[in-house]
Amino acid sequence: MANSNAGSTIEQSTFGQLPDGREVESYRLTNANGVELQVINYGGTIVSLKVPDAEGNMDDIVLGFDSLDDYLSDTYQQANPYFGALIGRYGNRIAEGQFTLEGETYTLATNDGDNHLHGGEQGFDRVLWQAEPFENDAGTGLVLRHLSEDGEEGYPGELAVEVTYTLTDQDELIVDYQAETDKTTPINLTQHSYFNLKGEGNASILDHQLMLNADAFTPVSEALIPTGELRDVAGTPFDFTQATPIGERIDQDNDQLRFGQGYDHNFVLNRDDAEPGDLVMAARVWEPQSGRVLEIETTEPGIQFYSGNFLTGDLIGKNGQAYPQRSGFALETQHFPDSPNQDGFPSTLLQPGETYRSRTLFRFSVQSDMGA
């Protein structure tokens with residue numbers, strides 16, 4: 001169906017069927033410049049994102065699959081790299097799957113060694129969201145809604161969640177998150193797309209040049225749980241304040257890199273005098289072969305940079321190409337990992353009567369060099 005924005009379209013189709021018979025829908029959004037976003041309502045998953053290179057050639061720059069069966073396969077479910085999925089209730093790790101709130105201890109699934117990761121065994125990445133496409137002056141988009149029951153995956157409170165994807169004619173993907181609860185609960189929503197700006201299935205991401213607007217990061221234990229320290233990046237392999245190839249220091253002899261088998265760390269964004277709801281620059285990535293640039297702005301205080309260290313090549317993507325180690329990177333805007341157990345970190349608690357709001361903007365462009 002064509003919409004009112006010249007050159008923009010939304011197409012809906014069936015992507016497959018869950019084992020219980022529920023149908024999964026696909027929504028293909030195209031802007032006036034031909035940028036194309038495909039989202040399915042299973043997991044709110046971004047399946048495909050096609051953007052032009054410096055020559056105008058369109059390539060799909062996110063890792064994923066063409067069929068629902070691949071997302072449901074035992075191989076994928078056991079590895080669960082969360083390709084393109086919405087993450088909740090709590091993105092990232094919570095130590096030992098526990099936190100104490102208002103005098104009560106809550107126990108969550110330990111699905112990452114001894115720790116809780118990305119919402120548990122049945123996180124928001126495995127939910128069939130209610131989806132509603134829309135068209136407005138900002139662009140074309142999709143609203144996704146989920147009612148997370150009190151006690152779902154061990155979390156307190158009934159949580160009503162709404163996530164909106166908007167594809168603009170400025171070649172931006174805007175992700176808006178909103179939630180309300182009837183009991184105090186931690187919440188930390190994010191989007192877990194893996195990018196390869198050469199095009200998915202095209203070898204490693206180590207030559208991508210990355211800038212992170214962060215003077216500090218949160219170092220972790222061997223179990224990848226933050227120690228509580230905010231450590232200066234200066235003089236370390238974590239200094240991306242100037243554009244640096246991802247692979248330049250990734251194999252240095254460094255405990256933090258060894259713990260994550262590369263980068264899998266939360267960076268503390270420089271928000272300076274920005275108000276809590278203001279967007280600030282978080283990251284900028286340039287891929288020299290294609291000329292593609294990805295810029296990320298967010299209202300969040302942190303961003304998790306993950307260099308695809310635990311990809312093994314066992315998963316075969318959309319073009320029949322394997323996804324080996326470091327063939328995609330994720331930049332997950334977020335509050336800090338394990339915040340429910342870390343008093344020194346920004347709070348992730350949502351109270352009844354409050355509305356959780358978060359926004360992240362992904363902007364795509366091309367240029368011949370990294371520039372300023």
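Look a little higher up for the structure.
Rules used throughout
- Residues numbered from 1 in each chain as written.
- Predicted model: local features only at pLDDT ≥ 70, side-chain atom pairs only at ≥ 80, totals over all residues.
- Heavy atoms only, no water.
- Helix = DSSP H or I, 4+ residues; strand = E, 2+ residues; numbered from the N terminus.
- Buried < 20%, exposed > 50% of the residue type's maximum accessible area, 1.4 Å probe, protein only.
- Contact = heavy atoms within 4.5 Å.
- Areas by Shrake-Rupley, 256 points an atom, 1.4 Å probe, with all protein chains shown as cover.
- Lys, Arg positive; Asp, Glu negative; His and termini not counted.
- Charge placed at Lys NZ, Arg CZ, Asp CG, Glu CD.
- Pairing = 2+ DSSP bridges.
- Core = buried A, V, L, I, M, F, W, Y, C linked by side-chain atoms within 4.5 Å.
- Polar contact = N/O pair within 3.5 Å; in protein donor to acceptor, adjacent residues only side chain to side chain.
- Phe/Tyr/Trp six-rings, centres within 6.5 Å; stacked < 30°, edge-to-face > 60°.
- Lys NZ or Arg CZ within 6 Å of the ring centre and 35° of its normal.

Description of the overall build of the protein
Here is step 1 of the chain: If you tally the helices and strands in the protein, you get three helices and 27 strands.
Here is step 2 of the chain: Expressed as lengths along the three principal axes of its C-alpha atoms, the size of the protein is roughly 55 × 50 × 45 Å.
Here is step 3 of the chain: Taking all 372 residues of the protein together, the buried fraction comes to 58%.
Here is step 4 of the chain: Within the protein, residue pairs in contact and separated by at least 24 positions form 65% of the contacts whose partners lie at least 6 positions apart.
Here is step 5 of the chain: Carbon and sulfur atoms form 42% of the exposed surface of the protein, whose accessible area is close to 14,500 Å².
Here is step 6 of the chain: In the protein, 20 side chains carry a positive charge and 61 a negative one; their mean positions are 2 Å apart.

Some details on the sheet that holds strand 21 (residues 264-269)
Here is step 1 of the chain: Strand order in the open sheet made by the five strands is 19-18-21-24-25, with antiparallel pairing throughout. Looking at which strands have only one partner, the edges of the open sheet turn out to be strand 19 (231-232) and strand 25 (330-334).

With respect to the side chain of D239
Here is step 1 of the chain: Summarising the element assignment, D239 is placed in the loop between strand 19 and strand 20 (244-245).
Here is step 2 of the chain: Sequence-distant contacts of D239, defined by excluding residues within four places in its chain, comprise V233, A234, T244 and R249.

Quick look at the nonpolar core
Here is step 1 of the chain: Core analysis: the largest hydrophobic core is formed by 57 residues, its most contacted members being F267, F305 and L331.
Here is step 2 of the chain: Considering every element that reaches this core, the biggest residue donor is strand 13 (residues 159-167), with five residues.
Here is step 3 of the chain: In contact with F305, other than residues within four places in its own chain, are L210, L212, F240, I246, Y263, D264, H265, F267, F329, A330 and L331.
Here is step 4 of the chain: Judged by nonpolar contacts, the second largest core, of 19 residues, contains F15, I40, Y42 and A330.

Topic: the pairing of strand 21
Here is step 1 of the chain: Counting buried positions along strand 21 yields six of six residues, so the element is predominantly enclosed.
Here is step 2 of the chain: In strand 21, alternate side chains face the same way, and those of D264, N266 and V268 on one face and H265, F267 and L269 on the other are all buried.
Here is step 3 of the chain: Direction of pairing for strand 18 (residues 214-218) relative to strand 21: antiparallel, over a ladder of four bridges. Each residue of the ladder has a partner; that of A216, found in strand 21, is V268.

A closer look at the side chain of E297
Here is step 1 of the chain: Looking at where E297 falls in the secondary structure, it is placed in strand 23 (residues 292-298).
Here is step 2 of the chain: Within polar-contact distance, the side chain of E297 engages the side chain of R363 at 3.1 Å.
Here is step 3 of the chain: Sequence-distant contacts of E297, defined by excluding residues within four places in its chain, comprise L279, V280, M281, A282, R359, T360, L361 and R363.

Observations concerning the sheet that holds strand 14 (residues 172-181)
Here is step 1 of the chain: On the basis of which strands lie adjacent, the open sheet formed by nine strands has the order 11-12-13-14-27-23-22-17-20 and antiparallel pairing. Only two strands of the sheet have a single neighbouring strand rather than two, namely strand 11 (130-136) and strand 20.
Here is step 2 of the chain: In this sheet, strand 27 (residues 356-366) lies alongside strand 14 in antiparallel orientation, the contact comprising eight bridges. Across the sheet, residue D176 finds its bridge partner in strand 27, namely R359.

Considering the packing of aromatic side chains
Here is step 1 of the chain: On inspection of all chains with the given rule, the structure shows 22 aromatic pairs.
Here is step 2 of the chain: Relative to Y76, the ring of Y71 lies with its centre 5.8 Å away and its plane at 80 degrees, an arrangement referred to as edge-to-face.
Here is step 3 of the chain: A relative accessible area of 2% means that Y71 is categorised as buried.
Here is step 4 of the chain: Exposure remark for Y76: the relative accessible area of 5% places this residue in the buried category.
Here is step 5 of the chain: Ring centres of F99 and Y155 lie 6.3 Å apart, and the angle between their planes is 35 degrees; on these two criteria the pair is classed as tilted. Taken together, the residues F99 in strand 8 (residues 98-101) and Y155 in the loop between strand 12 (139-148) and strand 13 connect sequence positions 56 residues apart.
Here is step 6 of the chain: Of the residues examined, Y155 reaches a relative accessible area of 1% and is grouped as buried.
Here is step 7 of the chain: By way of ring pairs, the aromatic residues F65, Y71, Y76, F83, Y194, Y306, F310 and Y323 are connected into one cluster.
Here is step 8 of the chain: A cation over an aromatic ring shows up here: R249 above the ring of F240, its NZ or CZ 5.0 Å from the ring centre.

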